[in-house]
Amino acid sequence: MKRPILIHPDPRLKKICAPVADLSDELRLLADDMLETMYAAPGIGLAAPQVGVLDRLIVLDCEKDETAPPKPMVMFNPEVTAASDETNTYEEGCLSIPEQYADVTRPAGVQVRWLDRDGALQEQEFGGLWATCVQHEIDHLDGKLFIDYLTPLKRQLITRKMQKLKREKAREG
Ligand code: NI
C-alpha cells in the first residue's frame, strides 16, 4: 500500500529516529509499503520518517539500467562503518523536497552495516550513485536533509518554495 510522503518543512523530518529492536511483521509491511511508495513516486530511495514513521529504516534501489531486474534493498538500523577520503559530487533531490535539486559532495565510497528484511546482519561496500543515495537516506534518520549541506540562503529559498507548495496543496484540498 502506498503511503503519503511528508513534504519539507515538517517537524517529523527533523527528528532523530529510534533503532529498531525487533523485526515485526508490522515493520516488514512498512518496508514493503515504502518500496511501493518509492517506485511509484518514482524515486531511488526513501526513509521511514518521510512517511511519518520515526524508526531507523530505509529502502533504496539505484539500478539505473532499465532492462535489468529491480534491486530493492531494505535496511534496518543502517550504519556507515567506513568512508573513503575520495569524494563525489552529485546533483541530489529528495521526495520530500519535490523538484528541487542541488550539488552535494559526499564520500565516494562507503561501507554500510544493516539488518536485512529477515533480520540478518549484512555489510557491504557501495560506490557511485548507491553510495550517495545510502548516505542521503541514512541522513534522514538523523533529521538531516540534503539542503542542510547548502548555504543558508539557498536552503531558505528552497524552504520558502516548499511552504508555498504546501499552502497551494492545502487549498486544493
Ligand atoms: Ni531524501
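Just so it is clear, the structure is predicted and the values come from calculations on it, not from any experiment.

**Topic: the sheet that holds strand β1 (residues 45-47)**
Thought 1: Reading across from one edge, β1-β2-β3-β6-β7 is the order of the five strands in this open sheet, with antiparallel pairing throughout. The open sheet is flanked by β1 and β7 (121-126), the only strands paired with a single partner. Strand-to-strand twist across the sheet, computed as the mean angle between neighbouring axes with direction ignored, equals 40°.
Thought 2: Most of the contacts of helix α1 (residues 25-40) go to strand β2 (residues 57-60), to which it runs at about 40°, and overall it touches β1, β2 and β3 (73-83).

**Some thoughts on the coordination of the nickel ion**
Thought 1: The nickel ion binds to the protein through Cys 94 (SG), His 136 (NE2) and His 140 (NE2), with metal-donor distances spanning 2.1 to 2.3 Å.
Thought 2: Sequence positions of the donors to the nickel ion reduce to the motif C-x41-H-x3-H. Of the two residues, Cys 94 sits in strand β4 (residues 87-94) while His 140 sits in helix α2 (residues 128-141), which places them 46 residues apart along the sequence.
Thought 3: Given a relative accessible area of 10%, Cys 94 falls into the buried group.

**Re the layout of surface pockets**
Thought 1: In this structure, the largest pocket spans a volume of roughly 530 Å³.
Thought 2: Lining the largest pocket are 24 residues; nearest its centre among them are Pro 42, Gly 43, Ile 44, Gly 93 and Cys 94.
Thought 3: The dominant element in the lining of the largest pocket, judged by the number of residues it contributes, is α2, at six residues.
Thought 4: Of the residues in the lining of the largest pocket, the class split is eleven nonpolar, seven polar and six charged.

**Considering the pattern of salt bridges**
Thought 1: Under the criterion given, the structure shown has eleven salt bridges.
Thought 2: Ionic pairing is found between Arg 113 and Glu 123, a salt bridge with its closest N-O pair at 3.9 Å. Of this pair, Arg 113 sits in strand β6 (residues 110-115) while Glu 123 sits in strand β7, placing them ten residues apart in sequence.
Thought 3: Overall, Arg 113 belongs to the partly exposed group, its relative accessible area being 30%.
Thought 4: In this structure, a network of salt bridges that share partners links the residues Glu 92, Arg 106 and Asp 139.

**Some details on α1**
Thought 1: Over its 16 residues, α1 runs 22 Å from end to end, which matches the ideal 22 Å to within 8%, given 1.5 Å per residue.
Thought 2: For α1, every residue scored as buried is listed here: Leu 27, Arg 28, Leu 30, Ala 31, Asp 33, Met 34, Leu 35, Thr 37 and Met 38.
Thought 3: On its buried face, α1 sits against β1, β2 and β3.

**Here we look at the pairing of strand β5 (residues 97-107)**
Thought 1: Bridging between β4 and β5 involves seven bridges; their strand directions are antiparallel. Residue pairing for β5: Glu 91 is matched across the bridge by Asp 103.
Thought 2: Counting the residues in the hairpin turn of β4 and β5 gives two residues.

Criteria and thresholds
Residues numbered from 1 in each chain as written. Predicted model: local features only at pLDDT ≥ 70, side-chain atom pairs only at ≥ 80, totals over all residues. Heavy atoms only, no water. Pairing = 2+ DSSP bridges. Helix = DSSP H or I, 4+ residues; strand = E, 2+ residues; numbered from the N terminus. Axes fitted to C-alpha atoms, helices over the stretch in contact; angles between N-to-C directions. Contact = heavy atoms within 4.5 Å. Donors = N, O, S within 2.8 Å, 3.2 Å for Na, K, Ca; no water. Buried < 20%, exposed > 50% of the residue type's maximum accessible area, 1.4 Å probe, protein only. 1 Å grid on protein atoms, 1.4 Å probe; cavity = no way out; pocket = protein on both sides within 12 Å on 5 of 7 lines; lining within 4 Å. Points joined across faces, edges and corners; volume = space filled by probe spheres on them. Nonpolar A, V, L, I, M, F, W, Y, C, P; charged D, E, K, R; others polar. Salt bridge = Lys/Arg side-chain N within 4 Å of Asp/Glu carboxyl O. Expected span 1.5 Å × (residues − 1).

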